[in-house]
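# Structural overview
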Amino acid sequence: MIGAGSIAQAYAQAFENSETAQLVAVADIRFSAAKALAEGLGCRSYDSYEAMAAENGLDAVAVCTPPVTHPEICLYFLERKVHVLCEKPLSIDVSSARMMLGTAKRCGVKLTMASKFRYVEDVVRAKSIVVSGILGEIILFENAFTSRVDMSSRWNADIEVSGGGVLIDNGTHSVDLMRYFLGPLADVQVVEGKRSQGLAVEETVRIFVRSTSGVMGSSDLSWSINKELDSYVNIYGSQGTVSVGWKESKYRQSSNLDWVVFGKGYDKVDAFRRQIVNFSRAIAGEEQLLITAEDALASVEVMEAAYAALRQNRWTAVSRREICDHAKPSEELIIEARNVA
Ligand SMILES: NC(=O)c1ccc[n+]([C@@H]2O[C@H](COP(=O)([O-])OP(=O)(O)OC[C@H]3O[C@@H](n4cnc5c(N)ncnc54)[C@H](O)[C@@H]3O)[C@@H](O)[C@H]2O)c1
């Protein structure tokens, strides 16, 4: 494992008692962090990924460092025929992502992007409910990942390190889920809300998408508010709705009054465990990767388009008359009203 920061703690728990993978070494440029994590797990620690690679016959690595470092670290291991599970986002630009994909193919190794929600059991079940057709034709997808977090002193708000703000940070999960449920995305639009933390990057956005099959979707992302919702994905079909929740997931067909509960909600460590199992089994040739390298590249492509949309900021002005209607009536409108009378 490369990176012994916050997400590495979730991996550490997921590797415990794993039957498909064994964590043998941890590297971090903050050696004290690598050492502390490795000691608890009974494995070796290093102050650089190069030193770790030199001393260990590694089958695979999990890259848990900040986004800007992903291409360099992943390419280093892919070139050495080591399989790579890279934390989201795969990269902060499409050209690096393409290079990573090409290198994985040329070297004959697996490359996947860690996007934990795709491994949540309820999400996988919701997908099979959608595919079964019992909700009719899917018309609308809604998602929200919002929680108040002070990002003023974290790399997540440093564009040079993260590639942007909440859009790329939380939104990579949303885009991956949208693609999972709706298939390829054709169009994207992004609208930014207020910045209450005074960050140099976006703190609150709403993403709108249209899939190539014509389904409309939206996602609310924020570091500044918490929408306090029970669910994070809601999918509406012509004959019913499915709701994937933090504590419970359920669906209802329009023909029935009652909701049918099908899942117990979100379990982070379980999702990471399932991700490691899928990655290990894919390496062993026992199953397909749930998130292919092509999926990872597609999500970087959507994100690049999303930032282009955000920069364009194309709004259509509401007509003057309508603005006046809601405010104090203008002289012009009063005269017009008199004329009409
Ligand atoms: N799947 C999720 O839900 C989820 C949640 C949080 C973060 N993440 C992703 O995980 C990655 C790490 O995020 P985090 O919150 O754990 O960050 P973090 O800052 O807590 O930890 C990152 C660690 O990487 C180390 N590091 C930086 N550059 C390095 C290098 N070149 N070589 C070795 N170590 C290096 C840092 O010293 C730090 O300890 C990011 O890509 C982030 O988007 C995913």
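The preceding data block contains the structure.
Here goes a summary of the coordinates provided. Model, not experiment: these values are computed from the prediction.

### Overview of the site of the ligand
Around the ligand, a shell composed of 21 residues is seen, among which Ile 7, Asp 28, Arg 30, Lys 88 and Lys 116 lie nearest. Here an oxygen atom of the ligand sits 2.9 Å away from a polar atom, N or O, in the main chain of Ser 6. Note that an oxygen atom of the ligand is positioned 2.6 Å from one of the side-chain N or O atoms of Asp 28. Protein contact buries 85% of the 850 Å² of open area that the ligand shows by itself. Given that more than half its atoms are within 2 Å of the pocket grid, the ligand belongs to the largest pocket. Put simply, the parts of the chain that give the shell around the ligand at least two residues each are α1 (6–15) and α4 (70–79).

### What about the nonpolar core?
One finds Met 52, Val 61, Phe 77, Val 84, Leu 90, Leu 167 and Phe 181 to be the most contacted residues of the largest nonpolar core, which totals 79 residues. With 9 residues, helix α11 (residues 293–312) is the single largest residue contributor to this core. Apart from residues lying up to four places away in sequence, Val 61 is in contact with Ile 2, Met 52, Phe 77, Val 82, His 83, Val 84, Leu 85 and Phe 279. By size, the runner-up hydrophobic cluster in this structure holds 25 residues, among which are Ala 21, Leu 23, Ala 38 and Leu 289.

### Here's the deal with the side chain of Thr 172
The residue Thr 172 is located in helix α9 (residues 171–182) in this model. For Thr 172, a relative accessible area of 3% corresponds to the buried category. One polar contact links the side chain of Thr 172 to the main-chain carbonyl oxygen of Ile 168, over a distance of 2.6 Å. With sequence-adjacent residues up to four places away left out, Thr 172 is seen in contact with Lys 88, Pro 89, Met 113, Leu 167, Ser 299 and Met 303.

### Side note on the pairing of strand β8 (residues 204–211)
Here strand β7 (residues 185–192) pairs with β8 via 7 bridges, running antiparallel. Of the residues in β8, the one forming a bridge with Val 190 is Ile 207. As judged from the 7 bridges shared by β8 and strand β9 (residues 216–222), these two strands associate in the antiparallel manner. In the strand pairing of β9, Thr 204 is matched with Ser 222. Connecting β8 to the next strand, β9, in antiparallel fashion are 4 residues, including Gly 214 with a positive phi near 90°.

Parameters and conventions
Residues numbered from 1 in each chain as written. Predicted model: local features only at pLDDT ≥ 70, side-chain atom pairs only at ≥ 80, totals over all residues. Heavy atoms only, no water. Near = heavy atom within 4 Å. Polar contact = N/O pair within 3.5 Å; in protein donor to acceptor, adjacent residues only side chain to side chain. Areas by Shrake-Rupley, 256 points an atom, 1.4 Å probe, with all protein chains shown as cover. 1 Å grid on protein atoms, 1.4 Å probe; cavity = no way out; pocket = protein on both sides within 12 Å on 5 of 7 lines; lining within 4 Å. Sits in = over half its atoms within 2 Å of the grid points. Helix = DSSP H or I, 4+ residues; strand = E, 2+ residues; numbered from the N terminus. Core = buried A, V, L, I, M, F, W, Y, C linked by side-chain atoms within 4.5 Å. Buried < 20%, exposed > 50% of the residue type's maximum accessible area, 1.4 Å probe, protein only. Contact = heavy atoms within 4.5 Å. Pairing = 2+ DSSP bridges.

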